[in-house]
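In case you want the letters, here they are:
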Amino acid sequence: MSSVVVRVNCDAKSFVGISRIGRRERSVRLCSKVRFGSGGAVVAEPSRSSEERVYEVVLKQAGLVREEKRGANIEFDFEKTIEGDFSNGDLLNSAYDRCGEVCAEYAKTFYLGTQLMTQERRKAIWAIYVWCRRTDELVDGPNSSHITPAALDRWEQRLTDVFECRPYDMFDAALSLSVSKYPVDIQPFKDMIEGMRMDLTKSRYNNFDELYLYCYYVAGTVGLMSVPVMGIAPESKASTESIYNAALALGIANQLTNILRDVGEDARRGRVYLPQDELAQAGISDEDIMRGKVTDKWRNFMKGQIKRARMFFDEAEKGVSELSSASRWPVWAALLLYRQILDSIEANDYNNFTKRAYVGKVNKLLSLPAAYGVALLGPKKLTKLFMR
Ligand SMILES: CC(C)=CCC/C(C)=C/CC/C(C)=C/CC/C(C)=C/COP(=O)(O)OP(=O)(O)O
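Going by what an unreviewed UniProt entry lists, the protein is known as 15-cis-phytoene synthase and is assigned to Medicago truncatula. Under the heading Sequence similarities (unreviewed entry), UniProt records this for the protein: "Belongs to the phytoene/squalene synthase family."

Observations regarding the pattern of salt bridges
Applying the stated criterion across every chain, the model contains 29 salt bridges. The salt bridge involving D172 is made with R134; its shortest N-O contact spans 3.5 Å. Of this pair, D172 sits in helix α8 (residues 170-181) while R134 sits in helix α6 (residues 119-140), and the two are 38 residues apart along the sequence. Exposure remark for D172: the relative accessible area of 2% places this residue in the buried category. The salt bridge partner of D286 is R204, with a shortest N-O separation of 2.6 Å. Residue D286 is found in helix α14 (residues 286-291), and its partner R204 is found in strand β3 (residues 204-205); the two are separated by 82 residues along the sequence. Beyond isolated ion pairs, a larger network of salt bridges with shared partners links R134, R158, D169 and D172.

Some details on the site of the ligand
In the vicinity of the ligand, 21 residues are found, and the nearest of them are R133, N254, Q255, R261 and Y338. At a separation of 2.7 Å, an oxygen atom of the ligand approaches a polar side-chain atom of Y338. Protein contact buries 77% of the 760 Å² of open area that the ligand shows by itself. Put simply, the parts of the chain that give the shell around the ligand at least two residues each are α10 (208-230), α11 (240-261), α15 (296-320) and α16 (325-347). No other element matches the 9 residues that α11 contributes to the shell around the ligand.

Thoughts on unusual backbone geometry
Of note, C165 is a non-glycine position whose phi angle comes to about 65°, a positive value. Within the element layout of this structure, C165 appears in the loop between α7 (149-163) and α8. Look at C165 and you get buried, because its relative accessible area is 8%. Unlike most non-glycine residues, Y350 shows phi in positive territory, near 65°. Tracing the sequence through the fold places Y350 in the loop between α16 and α17 (361-377).

Some remarks on α11
If you check α11, its first and last C-alpha atoms are 32 Å apart, about what 22 residues at 1.5 Å a residue would give, namely 32 Å. Taking burial as the measure, the 22 residues of α11 include 20 buried ones, the bulk of the element.

Some details on the nonpolar core
If you look at the biggest cluster of nonpolar residues, it comprises 110 residues, and the most contacted ones within it are W131, F189, L274, I289 and W298. Ranked by residue count, the leading element in this core is α10, at 15 residues.

Observations concerning the UniProt feature "transmembrane region" (unreviewed entry) in the protein
Using the residue numbers shown here, the UniProt feature "transmembrane region" (unreviewed entry) corresponds to residues 211-233. As annotated, residues 211-233 has a helix share of 87% and a strand share of 0%, and its two end C-alpha atoms lie 32 Å apart.

Remarks on the side chain of S327
Its location among the elements puts S327 in helix α16. Here S327 falls in the buried class, since its relative accessible area comes to 0%. Within the structure, the side chain of S327 is placed 2.8 Å from the backbone oxygen of M230, a separation counted as a polar contact. Residues contacting S327, with those up to four places away along its chain left out, are M117, R121 and M230.

Rules used throughout
- Throughout, a residue's number is its position along its own chain's written sequence, starting from 1.
- Given that this is a predicted model, residues contribute local features only at a pLDDT of at least 70 and side-chain atom pairs are listed and counted only at 80 or more, while totals for whole chains, interfaces and linings are drawn from all residues.
- Remark: hydrogens and water are excluded; side-chain values derive from all non-hydrogen atoms of the structure.
- UniProt positions are given in the numbering used here, feature names are shortened, and annotations may be inferred rather than shown by experiment.
- Basic side-chain nitrogens of Lys or Arg form a salt bridge, by our definition, when they fall within 4 Å of a carboxyl oxygen of Asp or Glu.
- Starting at the N terminus, helices and strands are each numbered in turn, a helix being any DSSP run of H or I of at least four residues and a strand any DSSP run of E of at least two.
- Residue exposure (1.4 Å probe, protein chains only): buried if accessible area is under 20% of the type maximum, exposed if over 50%, otherwise partly exposed.
- Here, proximity means that at least one heavy atom of the residue falls within 4 Å of the molecule or strand.
- Throughout this description, a polar contact denotes any pair of N or O atoms lying within 3.5 Å of each other; where both atoms belong to protein, one of them has to be capable of donating a hydrogen while the other can accept it, and for residues adjacent in sequence the pair is counted only when both atoms sit in side chains.
- Here the Shrake-Rupley method, with its probe set to 1.4 Å, supplies the accessible areas, and only the displayed protein chains count as covering residues.
- Here, expected helix span is obtained from the residue count minus one, scaled by 1.5 Å.
- Only buried residues count toward a nonpolar core, which is a set of Ala, Val, Leu, Ile, Met, Phe, Trp, Tyr and Cys residues joined through side-chain atoms within 4.5 Å.
- Contacts were defined at the residue level, with two residues in contact if any of their heavy atoms lie within 4.5 Å.

This is the structure:
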């Protein structure tokens, strides 16, 4: 039986100098594996290289949070510098307001949830959201056909400038200020740009390992960027690494779900974000996907893929209750809503070629109080309450 590692339980200190220890030693330390149940056709294991690559970022980010080490710019009056550059502090406020508007437009539920956070956290989350959205738009937006690797290099240089307090525009300025206030590392941001580079050149994924790395780049990174801002509950006894692993898992789960929902749409753009080896094992060819016929082979294949995505959601759930209380609701809401897309694919009898899986208005509305309940009481207490 194969396995997917989505969680690692080990003491970060023992990982100081990860690059100096041997591969075998590392694989012993990367310990807790989530295994797939019997009969599952899917399964593959992210290779050590992908997993370690991601894990190093997790550790670094977790280490920053633990040490409460802040960004590079806190030694001087950053707010004044930015305001000085833009001559007027109101501009910065309107930049944050605009970030909020963009978030409200594209991620309504999440935006609603951010209203519970402190103002400073909320603003930082919006600024991060807008940067991710702009990054994504480079390869997915209206001008995407003109995007070259050189343009992505320039975007990365601009990111470095943001982290070094040389913002280019007001959205950048908002992000500059926010990343100076929270222990956010630049690496997940750089990795997201790397994901966009990958998307420019790659349209097939040989195995789950390659897909996992892609999902980390484009979505797992969001989890890592968010936790330092959302904050960990002071009463939490969980290790910082385990919380980061949960955040990473949520990003991966969301992206896998997104991929499964959009199979038809992506195929029409010539892309297949599914592990080629697993497709071959299931007897499904590229042409089958382009043709878009729902067969029993396809249904079985999809069952396995959905099962895998759900396991990442399960892994993510373990970490939500460890976040600071005001940050739990938006995360639960997003998690419950996104997870339902998988149910909807099932309800569509696995036709993700021509039918778009979505969560209906009623379910959306019901998810909000449900998320609030889980955030308040925790998943176990809430289940007990309803089971009585
Ligand atoms: C679980 C813990 C401890 C923390 C939470 C950490 C967070 C906030 C993780 C969330 C990660 C996240 C939101 C990743 C983005 C994933 C994704 C696939 C977004 C899709 O965005 P769009 O493309 O706008 O989606 P739609 O196509 O559905 O509109």
